[in-house]
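Structural features, examined
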Amino acid sequence: MTVFAVREAVGPADREACFAVRKEVFVVEQGVPAEIEYDAFDAEDAATVHVLAVGADGVPLGTGRLLYGPDAAGKTGGDDAVGSLGRLAVSKAARGLGVGVALVRGIERAARERGLAAVDLHAQTQAVGFYERLGYVPYGAEFLDAGIGHRAMRRAL
């Protein structure tokens, strides 16, 4: 059994660890162009919480991002009470260990702490079942993002 901890990323080293996992998963594995993987919501002054999963040895295992407030409006239909979960990535070596579930729950905890009532996300179509098991409900039609099929989903907190 692998031991890991999930925490909000604090400081430049944690943020770089988050970006390194995203690069491994999205840019290298899935072929998402780096110029669209990283965006204005990754800036230090954005209303964004980055969550990081780290192994007992200090190796980054996964990450996810919560947008809230005005930064989330474009992804949540303008509802200030809804946050947007995104950029959830787990390194290939850590898959199947519960890291993804722990990251989602960590993002939901951060959303509750910020007074949000629900969390929206855009799930890759192949991951819809994962999010459904965590209580997310799909809505709307499938759409393409970075050439990959996605579905919008929401969970009330």
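Report on the accompanying structure. (Residues numbered from 1 in each chain as written. Predicted model: local features only at pLDDT ≥ 70, side-chain atom pairs only at ≥ 80, totals over all residues. Heavy atoms only, no water.)

Remarks on the nonpolar core
The criterion, for reference: Each nonpolar core is a collection of buried residues, namely Ala, Val, Leu, Ile, Met, Phe, Trp, Tyr and Cys, held together in the definition by side-chain atoms within 4.5 Å. Three labels apply to residues, based on accessible area from a 1.4 Å probe with only protein chains included: buried if under 20% of the type maximum, exposed if over 50%, partly exposed otherwise in between. Numbering of helices and strands runs from the N terminus, with a helix taken as a DSSP run of H or I at least four residues long and a strand as a DSSP run of E at least two residues long. The contact rule is simple, with two residues in contact once any of their heavy atoms fall within 4.5 Å.
Among the nonpolar cores identified, the biggest contains 25 residues, and Leu85, Tyr131 and Tyr136 are the most heavily contacted of them. Sort the elements by how many residues they give to this core and helix α4 (residues 99-113) lands first, with six residues. The contacts of leucine 85, once residues within four sequence positions are left out, are Arg65, Val104, Ile107, Val119, Asp120, Leu121, His122, Tyr131 and Tyr136.

Regarding helix α1 (residues 11-29)
As a reminder of what qualifies: Expected span of a helix, by definition, is 1.5 Å for each gap between consecutive residues, and there is one gap fewer than residues.
Spanning 19 residues, α1 covers 26 Å between terminal C-alpha atoms, matching the ideal 27 Å at 1.5 Å per step. Of all the positions in α1, only Asp14, Arg15, Ala17, Cys18, Phe19, Val21, Arg22, Val25, Phe26 and Val27 are classed as buried. The elements touched by buried residues of α1 are β1 (4-8), α2 (34-37), β2 (48-55), β3 (60-67), β4 (82-90) and β5 (118-124). Trailing α1 by a residue or two, glycine 31 shows a phi angle of about 75 degrees, which is positive.

Some details on the sheet that holds β4
Going by this rule: When DSSP finds two or more bridges between a pair of strands, those strands are recorded as paired. Angles run from 0 to 180 degrees between N-to-C directions of axes, and those axes are lines fitted to C-alpha atoms, restricted for helices to the stretch in contact.
With mixed pairing, the seven strands of this open sheet are ordered in space as β1-β2-β3-β4-β5-β7-β6. In the strand order of this sheet, the two ends are held by β1 and β6 (137-145), each with one partner. Ignoring which end each strand starts from, the neighbouring axes of this sheet average 20 degrees apart. Note that β6 and strand β7 (residues 148-156) share six bridges and pair antiparallel. Of the residues in β7, the one forming a bridge with phenylalanine 143 is histidine 150.

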